[in-house]
Structures are given as structure tokens and as C-alpha cells.
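# Descriptive structure summary
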Amino acid sequence: MKKNKISKNWINKQRRDIYVRKSKLEGYRSRAIYKLKEIDEKFKIVKNGINIVDLGSAPGSWSQYLSEKSKNSKILSIDLKEVKEIFNVSHLIGDFLDENNQSKLTNFFKDKLDLVVSDMAVNTTGNKDLDAISTGELSINAMNFSVKNLKKSGSFVSKIFMGSTFNEIVQNCKINFKEVKIFKPPSSRKDSKESFIICKKIR
Ligand SMILES: C[S@@+](CC[C@H](N)C(=O)[O-])C[C@H]1O[C@@H](n2cnc3c(N)ncnc32)[C@H](O)[C@@H]1O
């Protein structure tokens, strides 16, 4: 499919989408907010006064939700892109896969982490299988980072795509966490291969 055809389809989809309209009305930067909200309503992962890392945070709607819901928490986000200021959220611009950046993320906190959320995804190439593999690698890295840096009672949430890396991620999460659930929030587009993995309590 040609690039301008993809973007026309994307614009038409956005116009029809109720979550896009709702996010604009409610002052959120992306429709992605509702995915985290629905995950949190079901799995109760966001508490007050905790240490949170938000991976792949631009334009910032998950951080907006965390900032509103998790008062007195210490929140640090990272993305390749800049994110406009959000109350009580510090932002690091850079590649999460770079080990120096991972050290910066952990050094920001005095204690270990309570929650790591990852909505990281690579720029779509139009090849859904390839995109799923690349985003799968991001999820695996996010899980390894979480296992190393979460408190025993901590939680990890990550976007994952149905595809060749799906089983590997689920199995690894089951080895490292006591509770592992897969959930596709109602606001996640039906035609997207995206789902979310919710992991609690390090083994
Ligand atoms: C779906 S968007 C995130 C939306 C965000 N959760 C929100 O609510 O606004 C995915 C993000 O992952 C970021 N990303 C992809 N690869 C990354 C990497 N290696 N390091 C940091 N961020 C990355 C992209 O730049 C993009 O902004």
C-alpha cells in the first residue's frame, strides 16, 4: 500500500473513532489513555505514593493519567521523542534500549520501582508481522528491565503484539512473575494485533 494511502486511511479512522473525540474533549494527548485506564480499572495497578517508570511515553497520555491518579508518586518517563511538560512527571529523551539510559532511569529513584508500564512500539512499516517482531523485542527488554528493578511486590504492564514473539514474552513473564494476565482493553482497536500483558509480584 502506498504511504499516502496509509495516512488517508489513518485520518479517516481517527475521524470516526469515539476515543479520539473523547480524548480531545477530556484534554488527553492521545486515545491511548483509555487503554491504561481500562487496564487499571480491571487490575488495580496504579496506587498513590509509588515509584513509576513510563516507557515509550510520547505524546504523554499515559503519563497524564499516572500524574492524575497517582498523587505523591515519583514518575519518570522516557521516549525517543520530546514530551511537553506534565505535572509531577520527569521526562528523559532517549532510546530505552541504550543501557546508559536504563541506568539513568533507575538512578532517578532512591528505592526500587513499584510499577513499570510500557506502551513502546516501533514506527509502523506497513508490514504487521515485522512490526510485531520489533515491538516484541521492546517488550522483552522492558520485561528484563522490570525484573531487575522492580520491588518483589511490583507490577509490569506492557503492550504486546500477536505474532512470533508473543509466546516467548508470555512464557518469560510466567517464569519471572507470579501473576500474569493478557488483556485487550475495549478501547484497543479491533483490527490491531495489540494486546497487553499485566504481570504482578516477582518470583
Ligand atoms: C504508542 S506510542 C506511546 C503512546 C503513549 N503511551 C501515550 O499515551 O501518549 C509509542 C511510543 O514508543 C516510543 N518508542 C519506540 N521505541 C522506543 C525506544 N527504543 N525507546 C524509547 N521510546 C520508544 C515511540 O517514540 C512512541 O512515542
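In this report, the structure presented in the accompanying data block is examined. On a predicted model such as this, the values are computed, not experimentally measured, just so you know.

The subject of this paragraph is the overall build of the protein chain. In terms of helices and strands, the protein chain carries seven helices and seven strands. Moving toward the C terminus, one meets the helices and strands of the protein chain in the order α-α-α-β-α-β-β-α-β-α-β-α-β-β. Relative to the compact-globule value of 17 Å for 203 residues, the protein chain shows a C-alpha radius of gyration of 16 Å, a close match. Seen along its three principal axes, the alpha-carbon backbone of the protein chain occupies a region of about 50 × 35 × 35 Å. With 203 residues in all, the protein chain has 49% of them scored as buried. Partitioning the intrachain contacts of the protein chain with sequence separation of at least 6 by distance along the chain shows that 59% fall at a separation of at least 24. Just so you have it, the protein chain exposes about 11200 Å², and 51% of that area is on carbon and sulfur atoms. The averaged location of the 23 negative side-chain charges in the protein chain is 5 Å from the averaged location of its 40 positive side-chain charges.

Taken together, 19 residues sit near the ligand, with S61, D79, D95, F96 and D119 positioned nearest. For the ligand, an oxygen atom lies 3.4 Å from a polar atom in the backbone of S57. A distance of 2.9 Å separates an oxygen atom of the ligand from a polar backbone atom of G60. In isolation the ligand exposes 600 Å². Once the protein is present, 89% of that is buried. A class-by-class count of the residues in the shell around the ligand yields nine nonpolar, six polar and four charged.

With an omega of 0 degrees, the peptide bond running from A58 to P59 counts as cis. Structurally, P59 is set in the loop between β1 (51-55) and α4 (61-69). Of note in the backbone geometry, N72 takes a positive phi value of approximately 60 degrees without being a glycine.

Definitions and cut-offs
- Residues numbered from 1 in each chain as written.
- Predicted model: local features only at pLDDT ≥ 70, side-chain atom pairs only at ≥ 80, totals over all residues.
- Heavy atoms only, no water.
- Helix = DSSP H or I, 4+ residues; strand = E, 2+ residues; numbered from the N terminus.
- Rg over C-alpha atoms; globule rule 2.2 N^0.38 Å.
- Buried < 20%, exposed > 50% of the residue type's maximum accessible area, 1.4 Å probe, protein only.
- Contact = heavy atoms within 4.5 Å.
- Areas by Shrake-Rupley, 256 points an atom, 1.4 Å probe, with all protein chains shown as cover.
- Lys, Arg positive; Asp, Glu negative; His and termini not counted.
- Charge placed at Lys NZ, Arg CZ, Asp CG, Glu CD.
- Near = heavy atom within 4 Å.
- Polar contact = N/O pair within 3.5 Å; in protein donor to acceptor, adjacent residues only side chain to side chain.
- Nonpolar A, V, L, I, M, F, W, Y, C, P; charged D, E, K, R; others polar.

Spatial relationships are all this shows, so hold off on functional conclusions.
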